[in-house]
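Architecture at a glance
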Amino acid sequence: MEGAREDTPEFSSSASRAEEPPGSATGTEVVPPEESPGCSGALEAAPKKLCGYLSKFGGKGPIRGWKSRWFFYDERKCHLYYSRTAQDANPLDSIDLTTAVFDCKADAEEGTFEVKTPSRVITLKAATKQVMLYWLQQLQMKRWEFHNSPPAPPAAPEASQAGNGPALHLELGQEEVAPEEFLCPVKTPTGLVGAAAALQPVPAMPLALQNISLKHLGTEIQNTVHNIRGNKQGQGAGHGSPAEEPPQSGEPPSREQPSAPDPSTPGKEPADSPKPAPKSSLAANFMQKTKRQSNTFPFFSEGLARNRTAQEKVVALEQQVQVLTKELKSQKDLVKILHKALEAAQQEKRASSAYLAAAEDKDRLELVRHKVRQISELGRRVEALEQERERLAHTAGLREQQVQELQQHVQLLMDKNQAKQQVICKLSEQVTQGLAQPPDTADRDFLSQQERMEHLKDDMEAYRTQNRFLNSEIHQVTKIWRKVAEKEKALLTKCAYLQARNCQVESKYLAGLRRLQEAAEAEAGLAELLRELIQEALQWEASEASADSVELSPISQYDDYGFLTVPDYEVEDLQLLAKIQALEVRSHHLLALEAVERPLRERWAALGELTPSAELKQLLRAGVPREHRPRVWTWLVHRRVQHLHTPGCYQELLRRGQAHEHPAARQIELDLNRTFPNNKLFTCPTSSFPDKLRRVLLAFSWQNPTIGYCQGLNRLAAIALLVLEEEESAFWCLVAIVETILPADYYSKTLTASQVDQRVLQDLLSEKLPRLMAHLGQHHVDLSLITFNWFLVVFADSLISDILLRVWDAFLYEGTKVVFRYALAIFKYNEEEILRLQDGLEIYQYLRFFTKTICNSRKLVSIAFNDMNPFPMRQLRQLRAAHRERLEAELRELERLKAEYLERRASQGPAVPEGCASEDDGEGDA
């Protein structure tokens, strides 16, 4: 296995590869080996190139078949070029490997494999199976290296765009993990691939014409002329006299070597070559041949053969290094022993010096005692070491006995093996004798079965090899596909960002035109010019879409729920405002797509089963993605009406409506055509939504006779139908809103609860937005004229669909508190614009459509659930109770005044003024 690793080319791409582009012949002079002392080392360290001869299946008509081609790989472009011979200057064609896949079939001819690109399939054949596997592995690795090479650094952003918005950073992580090896690395086939294969003769074909490419006839002629010129120059340089060559100074004497035949001149016989020349002439011939090969074959560097003497020197030096390493180790051991002896001598010297330097006999006696203790300690250590030596000697004796026993056992096994071999020999002789005799039918069947078994084993091995390679190919292509998908995702993010920037710029342009239009109404010429510019801006999308095949405008006519993206305002001057609003909405949506929408979708996808929790509450406030909204609303509605829901209730109500006409049926029919005129699902004649809405409203009128039908219920049911689509689900959603979420008499004849909520809203606005309420009070603006419809239909007619459905997501879970939050947030969102208006009529006109100008849903949600806090439900209940009590007192007082008035009229009787005849008198006269 180690040898296989040594012969296998490296998986990583070397940065030192610098090759000429295909089709360009290099004219660089090649330095001869005698002039560059490090040349052989450079040739040894040079990266292995992927090249060699393969047979390519192609052609048309009678010349269709296998053609020998020289293939070489270009690192920079990830292309596999091929030409007729290795000496051709221009390639015939190339194969793009960036999007190619590779395949080998076990039942095909040996060495055959395919390279499949999106445009064609190229069938190739190698000389052997090993060469085929080598090529397949190398092509896979080259493709992998190309796809994992670091991309070019992105261009610096323009200075003009630096301050216009947040910078977009796209980072693509590069995988540095080598591809998994499903197949063991194949050894490099010596002489069949790589630079050495260029010196081999061109594989012979049965017909000379068969190997010529008629499809690339011009390239064939150019290569032939180039080779003829190169051969003439080589022959002229090779037959020059030795006296013409410059003498090589400093060349050591060496024995003469015969010149190798030139692969570019296969027709030249060895007998025509000159006699052995001096070494200087041989060096010059080698230099000329290297130049000629470099000129005619641009994909190889100097030198194609290795220097054998250099290899022998390297081997000798390696052996000498090993000997010196062993000697150095022994010297180190000797130094350690001498160091220990030196330490012992130094200690003895210090002890003697201390003994002689002692002034009294007492000190000397103490030193002697210390030495005696050391001697006794050393004696004990010697005894312990002696015991250890005896124990080890005993153990060694036991090991020798075991070795002898094992040797005896081995001898017995060898005798037994020899006896078995003798039996095998006898049986083999018997089998041979039996085969020598004429076989009968049973023997023939046995041999055929045995031969068939061998074939099946070969087929099984071939299929196993094919399976491993295809697994490797599938794995690598999958990883490349994932990498490309990540790049595509990053590019889509960048595209969304650029589209958002484009929407912002176009919105600013239209807003500028609108301000100029307002400022220049007095000047006729300028007003006409501005009108033309505005018409051009409004009609830009259709002209650009028809001019180009790619849709450049990011705004579609309708959104996901059928609402018009650009509202169709009745006032002509508001069309420009509607276009600005649509651009702003699209811009905010695109900018929030990656940062907010995608993580939110991932959180909803990982949520699983729905249960009431703080996390679900936050997710509902942030908004439910479109693909999850039907499931979430169905759960929210079922949670509200599970005590009212009975199986078959909706169908029973429909049957009752068919049997008897409800008094509210006429009013329902009138309101159907007025439901969401800006939604194609309710205005299209072929749509089924109006019929569904009719059945839902009729069923509810029978379900709740106290209300029957009230204007506004049609829009509530329509929103439920757009999201849930099923009639029964929309019916129960309407029941949940009217009977469980909103107060009981919200849709009664007196609309008591609705009036109470308007007064509660006035109190909350005075608390949260005192400046705005003071401004509106100064101009005598009654907000209930605007906000009453908000509460009655839960903003169905006021907000754009994207924001409206986010309001409903939280409303179905938390209740009417959400309506108050969003009502306050809408006024806070537009507070500054309202404060700039100084006329009551102008304020009323602005409040009619100002909710449609809200584009940033994230900002509105943040105001509603962050800026409006604290917002306790207890406070809301207290305000409702207080205002309800006052309203009921006012209604009682109104009823008392009404009763007094009727009583007074009844007591006066029908009085007829003088001079006026009554109707009765007229009838009597008639």
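Residues numbered from 1 in each chain as written. Predicted model: local features only at pLDDT ≥ 70, side-chain atom pairs only at ≥ 80, totals over all residues. Heavy atoms only, no water.

**Description of the overall build of the chain**
Across its full length, the chain carries 29 helices and 7 strands. Classification of the 926 residues of the chain by burial places 37% in the buried group. Sequence-distant contacts, at least 24 apart, represent 72% of the contacts inside the chain between residues at least 6 apart. Carbon and sulfur atoms provide 55% of the accessible area of the chain, an area that totals close to 56,900 Å². (Helix = DSSP H or I, 4+ residues; strand = E, 2+ residues; numbered from the N terminus. Buried < 20%, exposed > 50% of the residue type's maximum accessible area, 1.4 Å probe, protein only. Contact = heavy atoms within 4.5 Å. Areas by Shrake-Rupley, 256 points an atom, 1.4 Å probe, with all protein chains shown as cover.)

**A short note on a negative patch on the surface**
Residues Glu451, Glu454, Asp458 and Asp459 make up a contiguous surface patch of negative charge. Structurally, the position occupied by Asp458 is in helix H8 (residues 441-519). (Patch = residues over 30% accessible without salt bridge, like charges linked within 9 Å, V, L, I, M, F, W, Y side chains within 5 Å. Salt bridge = Lys/Arg side-chain N within 4 Å of Asp/Glu carboxyl O. Lys, Arg positive; Asp, Glu negative; His and termini not counted. Charge placed at Lys NZ, Arg CZ, Asp CG, Glu CD.)

**What about the packing of helix H18 (residues 713-724) against helix H23 (residues 801-814)?**
Their axes nearest at 12 Å, the elements H18 and H23 cross at an angle of 95 degrees. Classified by the angle their axes make, H18 and H23 are roughly perpendicular. Residue-level inspection shows Leu716, Ile719 and Val723 of H18 in contact with H23, the latter providing Leu804, Leu805 and Trp808. When its residues are assigned to classes, the contact of H18 with H23 shows 6 nonpolar, no polar and no charged. (Axes fitted to C-alpha atoms, helices over the stretch in contact; angles between N-to-C directions. Parallel < 35°, antiparallel > 145°, perpendicular 65-115°, else oblique. Nonpolar A, V, L, I, M, F, W, Y, C, P; charged D, E, K, R; others polar.)

**Observations regarding the packing of helix H12 (residues 614-622) against H23**
One can describe the packing of H12 onto H23 by two numbers: an axis separation of 7 Å at closest approach and a directional angle of 150 degrees. The angle between H12 and H23 places the two elements in the roughly antiparallel class. Two secondary-structure elements touch here, H12 through Leu616, Lys617, Leu620, Arg621 and Ala622 and H23 through Arg806, Asp809, Ala810, Tyr813 and Glu814. Of the residues belonging to the contact of H12 with H23, the class tally is 5 nonpolar, no polar and 5 charged.

**Some points on the pattern of salt bridges**
For the coordinates displayed, the defined rule picks out 34 salt bridges. A salt bridge links Arg464 to Glu461, with the nearest nitrogen and oxygen atoms 2.7 Å apart. One end of the pair is Arg464 and the other is Glu461, both in helix H8 and 3 residues apart, which spans about a single turn. Of the residues examined, Glu461 reaches a relative accessible area of 38% and is grouped as partly exposed. The partner of Arg715 in a salt bridge is Asp797, and the shortest N-O contact between them spans 2.0 Å. Here Asp797 lies in the loop between helix H22 (784-793) and H23 and Arg715 lies in helix H18, a separation of 82 residues in the sequence. Relative accessible area serves as the criterion here: at 16%, Arg715 is assigned to the buried category.

**Observations regarding the packing of aromatic side chains**
A complete count under the given rule lists 20 aromatic pairs for this structure. Relative to Phe820, the ring of Phe791 lies with its centre 5.0 Å away and its plane at 65 degrees, an arrangement referred to as edge-to-face. In this pair, Phe791 is assigned in helix H22 and Phe820 in helix H24 (residues 817-829), connecting sequence segments 29 residues apart. Its relative accessible area of 3% is what places Phe791 among the buried residues. Among the aromatic side chains, those forming a connected cluster through ring pairs are Trp790, Phe795, Phe827, Tyr846, Phe849 and Phe850. (Phe/Tyr/Trp six-rings, centres within 6.5 Å; stacked < 30°, edge-to-face > 60°.)

**Things to note about the environment of Ser748**
Relative to the assigned elements, Ser748 resides in the loop between helix H19 (727-741) and helix H20 (752-768). Distance from Ser748 to Tyr709, taken between C-alpha atoms, is 9.8 Å for residues 39 residues apart in sequence.

**Some words on the side chain of Thr851**
Take Thr851: it is sitting in the loop between helix H26 (840-849) and helix H27 (857-867). In this structure the side chain of Thr851 is engaged in a polar contact, spanning 2.9 Å, whose partner is the backbone oxygen of Ser798. (Polar contact = N/O pair within 3.5 Å; in protein donor to acceptor, adjacent residues only side chain to side chain.)

**Observations regarding the pairing of strand E3 (residues 79-83)**
When you tally the buried positions in E3, you get 5 out of 5 residues, the bulk of the element. A two-sided burial pattern is seen for E3, the buried positions comprising His79, Tyr81 and Ser83 on one face and Leu80 and Tyr82 on the other. The pairing of strand E2 (residues 65-74) with E3 spans 5 bridges and is classified as antiparallel. Bridge pairing in E3 places Trp70 opposite Ser83. Where E2 hands over to E3, the hairpin turn is made up of 4 residues, of which Cys78 adopts a positive phi near 55 degrees. Looking at chain direction, E3 and strand E4 (residues 93-96) are connected through 4 bridges and run antiparallel. Residue pairing across strands places Leu80 opposite Ile95, the latter belonging to E4. (Pairing = 2+ DSSP bridges.)

**Here's the deal with the side chain of Asp809**
Summarising the element assignment, Asp809 is placed in helix H23. For Asp809, a relative accessible area of 0% puts it in the buried group. Aside from chain neighbours lying at most four places away, what touches Asp809 is Leu620, Gly623, Val624, Arg629, Trp633 and Leu636.

**So, helix H14 (residues 649-659)**
Within H14 the residues assigned to the buried category are Cys649, Tyr650, Leu653 and Leu654. Taken around the axis of H14, the buried residues stretch over an arc of 140 degrees, which confines them to a single face. The exposed set on the far side of H14, more than 90 degrees from its buried face, consists of Gln658 and Ala659. Residues of H14 that are buried in the fold lie against helix H17 (689-703) and H19. (Arc of directions from axis to C-beta.)

**Let's talk about the sheet that holds E2**
The strand order across the open sheet built from 7 strands is E4-E3-E2-E1-E7-E6-E5, with neighbouring strands paired in antiparallel fashion. The sheet is open, and its two edges are formed by E4 and strand E5 (101-103), each paired on a single side. This sheet shows a mean twist of 35 degrees between the axes of neighbouring strands, independent of strand direction. Sitting on the sheet, helix H3 (residues 129-147) is in contact with strand E1 (51-58), E2, E3, E5 and strand E6 (112-116), with an inclination near 165 degrees to E5.

**Some details on a nonpolar patch on the surface**
On the surface, Tyr355, Leu356, Leu365, Val368 and Val372 cluster together to form a nonpolar patch covering roughly 460 Å² of accessible area. Among the elements that line the nonpolar patch, the one with the most residues is helix H7 (residues 361-436), at 3 residues. With respect to the element layout, Val372 can be found in helix H7.

**Structural notes on helix H28 (residues 873-908)**
Here H28 is 36 residues long and its end C-alpha atoms lie 52 Å apart, about the 52 Å a rise of 1.5 Å per residue gives. Those residues of H28 that sit buried are Leu876, Leu879, Arg880, His883 and Leu887. (Expected span 1.5 Å × (residues − 1).)

**Here's the deal with unusual backbone geometry**
The step from Asn869 to Pro870 runs through a cis peptide bond, and the omega angle for that step is 0 degrees. Of note, Pro870 is situated in the loop between H27 and H28. The backbone of Cys78 shows a phi angle near 55 degrees, a positive value even though the residue is not glycine. As for its placement among the helices and strands, Cys78 is situated in the loop between E2 and E3. In this structure, Glu725 is a non-glycine residue whose phi angle is positive, near 70 degrees. In this fold, Glu725 is placed in the loop between H18 and H19.

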